[in-house]
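Working through the structure, step by step
The lines below spell out each chain.
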Amino acid sequence: MTAGGNPSTHSGHRGLDMDEPLLFEIGAPGRCGVDLPAAGPGGDCLGAMSRENLVGLPGLSEPQVVRHYVRLSQKNYSIDAGLYPLGSCTMKHNPRLNEKVARLPGFADLHPLQPAASVQGALALIEALSEWLAILTGFPAVAMSPAAGAQGELCGLMTIRAALEARGDARARVLVPDSAHGTNPATAALCGYPVEAVPSNERGRIDLAALKAQLGSDVAAVMLTNPNTCGLFEDEILEIAAEVHGTGAFFYCDGANFNAIVGKVRPADLGIDAMHLNLHKTFSTPHGGGGPGSGPVVMTAELAPFAPPPSIVRDGDTLSLVETGGSEGAVGRLRAFHGQMGMFIRAYAFILSHGVDGLCQVAEDAVLNANYLRTALLDDLSVSYAGLCMHEVLFDDRFLRDTGISTLDYAKAMIDEGFHPATVYFPLVVQGALLTEPTESESKESLDRLIGAMRFLAQRAKAGDTSRFAEAPRLAPRRRLDETHAARHPVLRWRPPTRTEAAE
Amino acid sequence: MSETRYTRDHEWIRIEDGVATIGITDYAQTQLGDIVFVELPTPDTSIEAGAEAAVVESVKAASEVYAPIGGEVIEVNEDLQESPASVNEDAEGAGWFIKLRMSDPADLDDLMDAAAYAEYVAGLD
Amino acid sequence: MRYLPHTPVDRDAMLRSIGVASIDELFAGVPKSARLPGLLDAPGHADEMAVEAVLSALAKRNMPTGEVPSFLGAGAYHHHIPAAVDHLIQRSEFLTAYTPYQPEISQGTLQMLFEFQTQVALITGMDVANASMYDGASACAEAVLMAGRITRRNKSVLSGGLHPHYAAAIRTHVRFTAHDVVQAVPDPKGIEDLAAQIDDATACVVVQSPAFFGGLHDLRGLAAACHAKGALLVAAVTEVVSLGAVLSPGDMGADIVVAEGQSLGNPLSFGGPYLGLFATRDHFVRQMPGRLCGETVDADGRRGYVLTLSTREQHIRRERATSNICTNAGLCALAFSIHLALLGEEGFKRLAHLNHARAVELAGRLAAVVGVEVLNETFFNEFTVRLPGDAASVIDDLAARGILAGVPVSRLWPGEADLADLAIVAATELTSDADITALAGGLERVLA
């Protein structure tokens, strides 16, 4: 018997839960999963640079490779299989139509450096998507190339610094709220700006008085997220924008939470100067186990000349790609080629499918779902801030006080109930945060099941059922993993066993 | 004779023959959890009082450790590379971080003695 | 609307349980002046048929590489992707999974990343690799920043054989830091002497292998010259298939190797999403940006995998992080890994030699065309040709005739008059004899 109380097996498999070794442990010389024609006779222009040594790659046939990856996939939770109440991530349904159209050979087989005349359809798609993003956000200009949200933030903040330098006044620091996502200060540091945190008030919003006190003529930018990382709309945002602009600084918005307001509010109307969007959040492109993303940046006409290349320019019916920089002092390119075209196609299909009415409904249902959760869990968990939330609701660990159970333990117990945990320990402004974002993709029945499980767990925690939590998860492909051991003795790759190890 | 002093940031410092040995307190290590790595300064560099002397990493956090006094780094605890766990097991002994040759003994005057530190910690939540 | 499950009955029930009369009340916290009075002026929702029709029409207005003879390289390459790859990456549990922050229910992704990191270390000849970055160019920029952190120096020397997009990405990333970049002149003949430019202030030298203009250069001398001055050698590989036939930068003494992984498992896709590979030596691991997957055990003693050494990253270290990167290229890394698993040792080498053989054949045929000069003595699967006159016009001409002949160097180095007659021409395992004949014949006609 194993510690979990299940019968141990000879094979190491447990029914459909397969024990799958590493590729390197399965491979054998002489096996290959791809048939290729012979190179044929003929000259060799490698000079003295031919690689003669063994690379060390394992050989597998196609059936072995397929089985390997199918078995690995079975160990993963996914949005297709269940709800992710992950605050700040917007885990919504990934429509399969988007996968189909992204794979059209007329898109998938385009080389980025083909002559413009041979890719007019691709350029037209990028233009059409950027026009939609401009309409939805209210800005006149979009930089499409950033590869993900963090690169979008870097693009936005660098564009701001370039604009300030063109004025002859680069300034010296950036203000971010204490609830900011870690990418915000990391990005500011890459732009040469030390970061100062502005405290949040007891209503969970940025403290306007503190912000005013911290602003000065040496502040380059204020970076906010709106709705913020507590799931609350920054209701003093117009005053904030006025204060920021009054000192000659720029107002950057992290657009990670755009799902709450798409089609209902335009960030440009809030006084924001630049904002990145996460196509892999609001616009449904799949998370793929960690990426790829896409982080286009919308911005004002004042900032546009300083944005990095490339941009698309229309002359009558003809589109062309402008690959050299805008004005003197514009930010240079951040990556090769043009942007995450595969994600553009998917996001565009998502936008066309929803239209303005559908997108408006996305925001409404996202906010409705989060408030439904909040109301249902109000008595059993501890909501951090009173009143309505936007598309995500923030709980903290006060409801677990004196139970000996932490937010982490509660999250691991959610796994046994069949749910991916909520976002834990973020934002840092409350203790033991549980940030919960259901998205508009969840039906009422799905939400009711989540509510039932979270309520049940809260009640069991208060009833002193500690082992349920301390030993969770019990039903996942792995129990809790020793992260201390992984960090103290990092093993970051497979290595062939030494002769002594092999002899054992 | 050696004496140990403590800071409000939970560092300890033990003086013996003009050499100060510095580390973090047992209270600090319980707060941080399992230590996985300690980033130490290079020997033969000098550190000012109040400047960053080391960084202690647990799985989920990294905390700066500030020099309670200034001086020249004469030795760092190389054993921590292989066994960061000694900071958890024996924070005020084998888990030491740095040995400094003090530049100004007067720096010690503002630090707490063992009794004052114990009282300070008891007063924390 | 097909993606939105709520009916009016659902919404009413939920509003009642919340205790508000309408959805509008949920948005009452938004300042009134910022609330849009009605729908924005743009089209409404569309069914699948309509959306497919729009996208198909746009796709038809392009000339994809698979349908015409195509010889484009210069940082992205048209290879055959085995059918199993795309099939496997579309499994729900890979496609729609989140970042593996909850390792107990993410072992599929984590084991895949551990295997991927191992594969990348093996092909580049290095000790350790990360779980991917956005693309080769941004990985290259991160490598320069890392070299700066390690050496505590502020100057990098960039080879004249480095892809201009990579060089530009480096310059952008260091622009607002104290780090300076010295750019060597474009080096189509592969004759530059970078060792002479290394001094005690140099953090790293950045080269590309094979070089942008196609040449293969032994980096061992340059690596020694760097190390003698306490500098690091950063090598960028834009065509990973080359590593099956050409000495790896790791074997030649590089300290950091970055690469574009697109060639394996990932379609051209008009430039993205691509796959940044990043590998280094064991002793530099704590300075490496990006996510890292490590081996450990669970509470039952079973082997498992977790993201580790996270204190380097933005979500913990914030402004002192090694990078601001959060999202990586997860699914692209999976595609790469599956393709390389199918190829294995023998397949990878065979594929590489086949690519080289096609390029040798191509070079021979082009050199025989009057007016065309092949500049390279050595190359892997792409090389530089000199044409009589402006290369971009010749290539546009051929495109109009349905041949994607190569990349004019002026596209990537605009404003350099002495490069305007050069083009980069690539071959892969997909390059057929008929393709080569078409290009040779096309050139003959256009140049006549």
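What comes next concerns the included structure.

1. What to know about the overall build of chain B
When helices and strands are counted, chain B shows four helices and nine strands. For chain B, the N- to C-terminal ordering of α and β elements is β-β-β-α-β-β-β-β-β-α-α-β-α. Taking the principal axes of its C-alpha atoms as reference, chain B extends roughly 35 × 35 × 25 Å. Residue burial in chain B is summarised as follows: out of 125 residues, 46% are buried.

2. Some points on the overall build of chain A
Looking only at helices and strands, chain A has 15 helices and 13 strands in total. The C-alpha radius of gyration computed for chain A amounts to 26 Å, which stays within 12% of the reference 23 Å derived for 504 residues, consistent with globular compactness. Counting only C-alpha atoms, chain A reaches 75 × 75 × 45 Å along its principal axes. Out of the 504 residues belonging to chain A, those deemed buried represent 65%. Taking the intrachain contacts of chain A between residues at least 6 apart in sequence as the baseline, contacts between residues at least 24 apart amount to 70%. As displayed, chain A has an accessible area near 16,600 Å², and 51% of this comes from carbon and sulfur atoms.

3. Structural notes on the interface of chain A and chain B
With five residues of chain A in contact, the opposing surface of chain B contributes nine residues. Here chain A packs against chain B, burying approximately 540 Å² in sum over the two surfaces, 52% of which is carbon and sulfur. On the surface where chain A and chain B come into contact, there are zero salt bridges. Here chain A and chain B share three residue pairs in polar contact (both at pLDDT 80 or more) between them.

4. Section: the nonpolar core
Formed by 127 residues in total, the largest nonpolar core has its most connected members in A:Phe283 and A:Tyr410. Ignoring anything within four residues of it in the chain, the contact list for A:Phe283 reads A:Leu133, A:Leu136, A:Phe258, A:Leu277, A:Asn278, A:Ala347, A:Phe350 and A:Ile351. Formed by 92 residues, the second largest nonpolar core is a distinct cluster that contains A:Tyr193, A:Leu303, C:Ile325 and C:Val409.

5. Some details on the packing of helix H7 (residues 136–151) of chain C against helix H8 (residues 164–174) of chain C
Helix packing geometry: the angle between the two helix axes and the distance between the axes. Residues and elements named next belong to chain C. Packing of H7 against H8 brings their axes to within 8 Å, and their N-to-C directions diverge by 45°. When the axes of H7 and H8 are compared, the pair comes out oblique. Both H7 and H8 take part in a crossing whose hand is right-handed. Only His 165, Tyr 166, Ala 169, Ile 170, His 173 and Val 174 of H8 make contact with H7, whose side of the interface consists of Gly 136, Ala 137, Cys 140, Ala 141, Val 144 and Leu 145. Residues belonging to the contact of H7 with H8 are distributed by class as follows: nine nonpolar, three polar and no charged.

6. Things to note about the interface of chain C and chain A
Contact with chain C, which involves 190 residues of that partner, is made by 204 residues of chain A. Between chain C and chain A, the buried area comes to about 16,900 Å², and carbon and sulfur atoms account for 64% of it. Joining chain C to chain A, the criterion identifies 10 salt bridges. The shortest N-O distance in the salt bridge between A:Arg335 and C:Asp135 comes to 3.9 Å. Seen at the junction of chain C and chain A, the total is 88 residue pairs in polar contact (both at pLDDT 80 or more). Top element by residues in the side of chain C that touches chain A is helix H11 (residues 330–367) of chain C. It accounts for 23 residues. Each residue belonging to the side of chain C that touches chain A can be placed in one class, and the counts come to 98 nonpolar, 55 polar and 37 charged.

7. With respect to the packing of aromatic side chains
Tallied over the entire structure, the rule returns 17 aromatic pairs over all chains. When the centroid spacing of 6.4 Å and the interplanar angle of 15° are considered together, the rings of A:Tyr410 and A:Phe469 count as stacked. Remark: A:Phe469 occurs in helix H13 (residues 466–470) and A:Tyr410 occurs in helix H11 (residues 407–416); sequence separation between them is 59 residues. Here A:Tyr410 falls in the buried class, since its relative accessible area comes to 0%. Here the aromatic rings of B:Tyr6 and B:Tyr117 are separated by 4.6 Å at their centres, their planes lie at 10°, and the arrangement is stacked. Taken together, the residues B:Tyr6 in strand E1 (residues 3–6) and B:Tyr117 in helix H4 (residues 114–122) connect sequence positions 111 residues apart. We classify B:Tyr6 as buried; its relative accessible area is 9%. Positioned above the aromatic ring of C:Phe27 is the side chain of A:Lys264, whose terminal nitrogen or guanidinium carbon lies 4.7 Å from the ring centre.

8. What to know about the pattern of salt bridges
Residues and elements named next belong to chain A. Tallying each qualifying case throughout the model produces 42 salt bridges over all chains. The shortest N-O distance in the salt bridge between Glu 99 and Arg 103 comes to 2.8 Å. Using a relative accessible area of 2% as the deciding quantity, one classes Glu 99 as buried. Here Arg 103 falls in the partly exposed class, since its relative accessible area comes to 24%.

9. Remarks on the pairing of strand E3 (residues 195–198) of chain A
In terms of strand pairing, strand E2 (residues 173–177) of chain A meets E3(A) through four bridges, oriented parallel. Paired with A:Val176 across the bridge in E3(A) is A:Ala197.

10. Structural notes on the sheet that holds strand E5 (residues 250–254) of chain A
All names here are of chain A. Reading across from one edge, E1-E7-E6-E5-E4-E2-E3 is the order of the seven strands in this open sheet, with mixed pairing throughout. Pairing within the sheet leaves two strands with one partner each, and these edge strands are strand E1 (141–143) and E3. Recorded for the sheet is a direction-independent mean angle of 25° between the axes of neighbouring strands. Of the pairings in the sheet, the one linking E5 to strand E6 (residues 274–276) comprises three bridges and is parallel in character. Looking across to E6, one finds that Asp 254 is bridged to His 276. Docked against the sheet, helix H5 (residues 120–137) engages E1, E6 and strand E7 (297–299), running at close to 125° with respect to E1. Strands strand E4 (219–225) and E5 of the sheet are contacted by helix H9 (residues 237–246), whose axis makes an angle of about 140° with E5.

11. What to know about the sheet that holds strand E8 (residues 71–76) of chain B
Residues and elements named next belong to chain B. With respect to topology, six strands assemble into an open sheet ordered E1-E2-E3-E9-E8-E5, the strand pairing being antiparallel. Unpaired on one side and paired on the other, E1 and strand E5 (46–47) mark the two borders of the sheet. The pairing of strand E2 (residues 11–16) with strand E3 (residues 19–24) spans six bridges and is classified as antiparallel. Looking across to E3, one finds that Glu 11 is bridged to Ile 24.

12. Describing helix H2 (residues 62–73) of chain A
A rise of 1.5 Å per residue sets the reference length of H2(A), with its 12 residues, at 16 Å; its end C-alpha atoms lie 16 Å apart and thus fit the reference within 8%. For H2(A), the complete set of buried residues consists of A:Val65, A:His68, A:Tyr69, A:Val70, A:Arg71, A:Leu72 and A:Ser73. The elements touched by buried residues of H2(A) are helix H1 (23–26) of chain A together with helix H4 (83–89), helix H5 (92–95), helix H6 (107–124) and H11 of chain C.

13. Quick notes on the pairing of strand E9 (residues 318–322) of chain A
Residue and element names in this part refer to chain A. Going residue by residue along E9, you find Leu 319 and Leu 321 tucked away on one face and Thr 318, Ser 320 and Val 322 left uncovered on the opposite face. Pairing of strand E8 (residues 311–315) with E9 involves five bridges; the strand directions are antiparallel. The residue of E9 that forms the bridge with Arg 314 is Leu 319.

14. Points about the packing of H11(C) against helix H14 (residues 433–447) of chain C
Residue and element names in this part refer to chain C. In contact at an axis separation of 10 Å, H11 and H14 are set at 25° when each is read in the N-to-C sense. In terms of their interaxial angle, H11 and H14 are classed as roughly parallel. In this structure, the crossing between H11 and H14 has a hand that is right-handed. Judged by residue contacts, Arg 358, Glu 361, Leu 362, Arg 365 and Leu 366 of H11 engage Asp 433, Ile 436, Thr 437, Leu 439, Ala 440 and Leu 443 from H14. Across the contact of H11 with H14, the residue classes break down as six nonpolar, one polar and four charged.

15. Digging into the side chain of A:Gln114
With respect to the element layout, A:Gln114 can be found in the loop between helix H4 (105–108) and H5. The exposure class of A:Gln114 is buried, given its relative accessible area of 1%. Residues within four places of A:Gln114 in sequence aside, it is in contact with A:Asp109, A:Val119, C:Met63, C:Thr65, C:Leu72, C:Leu404 and C:Arg411.

16. Describing the environment of A:Ala188
Residues and elements named next belong to chain A. Mapped onto the secondary structure, Ala 188 falls in helix H7 (residues 183–190). On a C-alpha basis, the gap between Ala 188 and Leu 157 in space is 7.1 Å, while along the polypeptide they are 31 residues apart. The contact partners of Ala 188, leaving out residues within four places of it in the chain, are Leu 157, Val 174, Tyr 193 and Val 195.

17. Regarding unusual backbone geometry
In this structure, A:Pro292 follows A:Gly291 across a cis peptide bond, with omega equal to 0°. Looking at the secondary structure, you find A:Pro292 in the loop between E6 and E7. For the bond running from C:Gly272 to C:Pro273, omega is 5°, close enough to zero to count as cis. By the element assignment, C:Pro273 lies in the loop between strand E6 (256–260) and strand E7 (276–280). A positive phi is found at A:Phe337, a non-glycine position, where the angle reads about 60°. With respect to the helices, strands and loops of the structure, A:Phe337 is situated in the loop between E9 and helix H10 (341–377). What makes A:Phe337 buried here is its relative accessible area of 2%. Non-glycine residue C:Ser132 carries a positive phi angle of around 100°. Relative to the assigned elements, C:Ser132 resides in the loop between strand E1 (128–129) and H7.

Quick notes on the rules
Residues numbered from 1 in each chain as written. Chains lettered and ligands numbered in written order. Predicted model: local features only at pLDDT ≥ 70, side-chain atom pairs only at ≥ 80, totals over all residues. Heavy atoms only, no water. Helix = DSSP H or I, 4+ residues; strand = E, 2+ residues; numbered from the N terminus. Buried < 20%, exposed > 50% of the residue type's maximum accessible area, 1.4 Å probe, protein only. Rg over C-alpha atoms; globule rule 2.2 N^0.38 Å. Contact = heavy atoms within 4.5 Å. Areas by Shrake-Rupley, 256 points an atom, 1.4 Å probe, with all protein chains shown as cover. Buried area = accessible area lost by both parts, 1.4 Å probe. Salt bridge = Lys/Arg side-chain N within 4 Å of Asp/Glu carboxyl O. Polar contact = N/O pair within 3.5 Å; in protein donor to acceptor, adjacent residues only side chain to side chain. Core = buried A, V, L, I, M, F, W, Y, C linked by side-chain atoms within 4.5 Å. Axes fitted to C-alpha atoms, helices over the stretch in contact; angles between N-to-C directions. Parallel < 35°, antiparallel > 145°, perpendicular 65-115°, else oblique. Left-handed = near helix turned anticlockwise from the far one by under 90°. Nonpolar A, V, L, I, M, F, W, Y, C, P; charged D, E, K, R; others polar. Phe/Tyr/Trp six-rings, centres within 6.5 Å; stacked < 30°, edge-to-face > 60°. Lys NZ or Arg CZ within 6 Å of the ring centre and 35° of its normal. Pairing = 2+ DSSP bridges. Expected span 1.5 Å × (residues − 1).

In short, shape yes, function no, at least from these values alone.
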